[in-house]
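# Architecture at a glance
Letter by letter, the chains look like this.
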Amino acid sequence: MKIALIGNGAIAKLVAQFCAQQQKLEVVAALGLPTDTVSVGDYPLVRTLPEMLRFKPALVVECAGHSAVAAYAGPVLAEGLDFIIVSTGSLADEALWNAVKAAADTSTGRVKLVAGALPGVDALASGKLAGLSKVTLRSSKPPRAWKGTPAEQTHNLDAIAAPTVIFSGNARQAALTFPKNANVAATAALAGLGFEATTVQLVADPGVTQNVHHLEAEGAFGRLNLRIEANPSPDNPKTSHMAALSIMRLLQNEAAPIVI
Ligand SMILES: NC(=O)c1ccc[n+]([C@@H]2O[C@H](COP(=O)([O-])OP(=O)(O)OC[C@H]3O[C@@H](n4cnc5c(N)ncnc54)[C@H](O)[C@@H]3O)[C@@H](O)[C@H]2O)c1
């Protein structure tokens, strides 16, 4: 299966290394920004979508960022190709969500959202079928990891000595206010109760060294309580390794006779 990547960073590198070891998966090209000068894989790096489409991919994987979803979801779907999204936080923008949905509705290609660093997407989406009454996500990171976010204006991050809630609200507010930390909250919302009804707490916790996501859900199915302590990606401390792993799993399933 021929795969094209959008992005040439930490996730792209891991996904490319994985595909290189799989008989049925082949990365044929990657689309990057002008700042991407050397391909992280053994395939060509291109600058435009038409150049990428010349390699005749069967599907396109976004592992670049929110701007890449905005720029390429519509055009890729217009080509009838599947578009796999890891930057799910981009979909908290209602206008972009509506545009992506409209493009998918009229395409033979489909949009596939990966679980990324969120645990339990399968259980959440299954539970939704019987009705969910509550979904809460609590994401904790070391205080320094919130530098460069609006938390810097509201808290003295260097002085935090105990777990401190730096944001409390719904998933849409969380994703729009903290766009660089939006993906996990957005994925929980999209799999479960939606952006307005999903409750999110963002926590600066000097006691954690990883990104810790604690998902709780209730509904007719029962109660879900899951916590992940996610290790960083080898090449990008801001990205959980699980993000790349969840893309690998999806691609493996695309090419597999038995899917799980
Ligand atoms: N769903 C999740 O749980 C989850 C977790 C971690 C990261 N992510 C998403 O994955 C993205 C990529 O992560 P990474 O660690 O590989 O980042 P990275 O910074 O290492 O690499 C990003 C790459 O994408 C390229 N890029 C950025 N915008 C682009 C655009 N508009 N068009 C083409 N190329 C573009 C960059 O030049 C770079 O090569 C993050 O921005 C984040 O949105 C999702």
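Residues numbered from 1 in each chain as written. Predicted model: local features only at pLDDT ≥ 70, side-chain atom pairs only at ≥ 80, totals over all residues. Heavy atoms only, no water.

### Re the nonpolar core
Grouped together as the largest cluster of nonpolar side chains are 31 residues, with contacts concentrated most on Leu 124, Trp 146, Val 200 and Leu 215. Put simply, the parts of the chain that give this core at least two residues each are strand 7 (132–141), strand 8 (164–170), helix 7 (171–177), helix 8 (183–191), strand 9 (198–204) and strand 10 (211–219). With residues up to four places along the chain from it excluded, the contact list for Leu 215 reads Leu 118, Pro 119, Leu 124, Val 135, Thr 136, Leu 137, Ala 188, Leu 224, Asn 225 and Leu 226. One finds Ile 3, Ala 30, Cys 63 and Leu 250 within the second-largest nonpolar core, a separate group that totals 26 residues. (Core = buried A, V, L, I, M, F, W, Y, C linked by side-chain atoms within 4.5 Å. Buried < 20%, exposed > 50% of the residue type's maximum accessible area, 1.4 Å probe, protein only. Helix = DSSP H or I, 4+ residues; strand = E, 2+ residues; numbered from the N terminus. Contact = heavy atoms within 4.5 Å.)

### Some remarks on the domain arrangement of the chain
Taken domain by domain, the chain holds domain 1 (2–113) and domain 2 (121–231). A straight line from the C-alpha centre of domain 1 to that of domain 2 covers 26 Å. Each partner contributes to the interface: domain 1 provides 11 residues, whereas domain 2 provides 10 residues. Note on domain 1 versus domain 2: buried area summed over both sides is about 710 Å², and carbon and sulfur give 62% of it. Interface area lost by domain 1 to domain 2 is led by His 66, Thr 88 and Ala 92, which between them contribute 55%. Linking domain 1 with domain 2 are zero salt bridges, by the criterion used here. Taken together, domain 1 and domain 2 are joined by five residue pairs in polar contact (both at pLDDT 80 or more). In terms of residue class, the side of domain 1 that touches domain 2 is built from five nonpolar, four polar and two charged. (Domains from an automatic or database assignment. Buried area = accessible area lost by both parts, 1.4 Å probe. Salt bridge = Lys/Arg side-chain N within 4 Å of Asp/Glu carboxyl O. Polar contact = N/O pair within 3.5 Å; in protein donor to acceptor, adjacent residues only side chain to side chain. Nonpolar A, V, L, I, M, F, W, Y, C, P; charged D, E, K, R; others polar.)

### Quick look at the packing of aromatic side chains
All chains considered together, the criterion is met by two aromatic pairs. Look at Trp 146 and Phe 178: their rings are 5.9 Å apart centre to centre, the planes differ by 85°, and that puts the pair in the edge-to-face class. Of this pair, Trp 146 sits in the loop between strand 7 and helix 6 (151–154) while Phe 178 sits in the loop between helix 7 and helix 8; the two residues are 32 residues apart in sequence, bridging distant segments of the chain. Its relative accessible area of 3% is what places Phe 178 among the buried residues. Taking 5.8 Å as the distance between ring centres and 65° as the angle between the ring planes, the aromatic pair formed by Phe 167 and Phe 178 counts as edge-to-face. One end of the pair, Phe 167, is in strand 8; the other, Phe 178, is in the loop between helix 7 and helix 8, and 11 residues separate them in sequence. Three or more aromatic residues joined by ring pairs make a cluster, and in this case those are Trp 146, Phe 167 and Phe 178. Positioned over the ring face of Trp 146 is Lys 141, at 5.3 Å from the centre of the ring. (Phe/Tyr/Trp six-rings, centres within 6.5 Å; stacked < 30°, edge-to-face > 60°. Lys NZ or Arg CZ within 6 Å of the ring centre and 35° of its normal.)

### Brief notes about the sheet that holds strand 3 (residues 45–46)
With parallel pairing, six strands are arranged side by side in an open sheet as 3-2-1-4-5-6. Single-partner strands in this sheet number two, and they are strand 3 and strand 6 (111–113). Alignment of strand 1 (residues 2–6) against strand 2 (residues 26–31), held across five bridges, turns out to be parallel. Each residue of the ladder has a partner; that of Ala 4, found in strand 2, is Ala 29. (Pairing = 2+ DSSP bridges.)

### Some details on the packing of helix 5 (residues 121–128) against helix 8
Between helix 5 and helix 8, the least distance of the axes is 8 Å, while the angle of their chain directions is 30°. Taken as axis vectors, helix 5 and helix 8 run roughly parallel relative to one another. Judged by residue contacts, Val 121, Leu 124, Ala 125 and Lys 128 of helix 5 engage Thr 187, Ala 188, Leu 190 and Ala 191 from helix 8. Looking at the contact of helix 5 with helix 8, its residues break down into six nonpolar, one polar and one charged. (Axes fitted to C-alpha atoms, helices over the stretch in contact; angles between N-to-C directions. Parallel < 35°, antiparallel > 145°, perpendicular 65-115°, else oblique.)

### Thoughts on unusual backbone geometry
Its identity as a non-glycine residue notwithstanding, Lys 56 has a phi of 55°, on the positive side. Checked against the element boundaries, Lys 56 lands in the loop between helix 2 (49–53) and strand 4 (59–62). With a relative accessible area of 64%, Lys 56 lands in the exposed category.

### Side note on the sheet that holds strand 9
Strand order across the open sheet formed by five strands is 8-9-7-10-11, with mixed pairing between neighbours. Edge strands, defined here as strands with exactly one partner in the open sheet, are strand 8 and strand 11 (222–230). Across the sheet, the axes of successive neighbouring strands diverge by a mean angle of 10°, strand direction being ignored. As judged from the nine bridges shared by strand 10 and strand 11, these two strands associate in the antiparallel manner. Along strand 11, the bridge assignment pairs Val 212 with Glu 229. On top of the sheet, helix 5 reaches strand 7, strand 10 and strand 11; it is set at about 160° to strand 7, its chief contact. Those strands touched by helix 8 are strand 7, strand 9 and strand 10, and its axis lies near 160° from that of strand 9.

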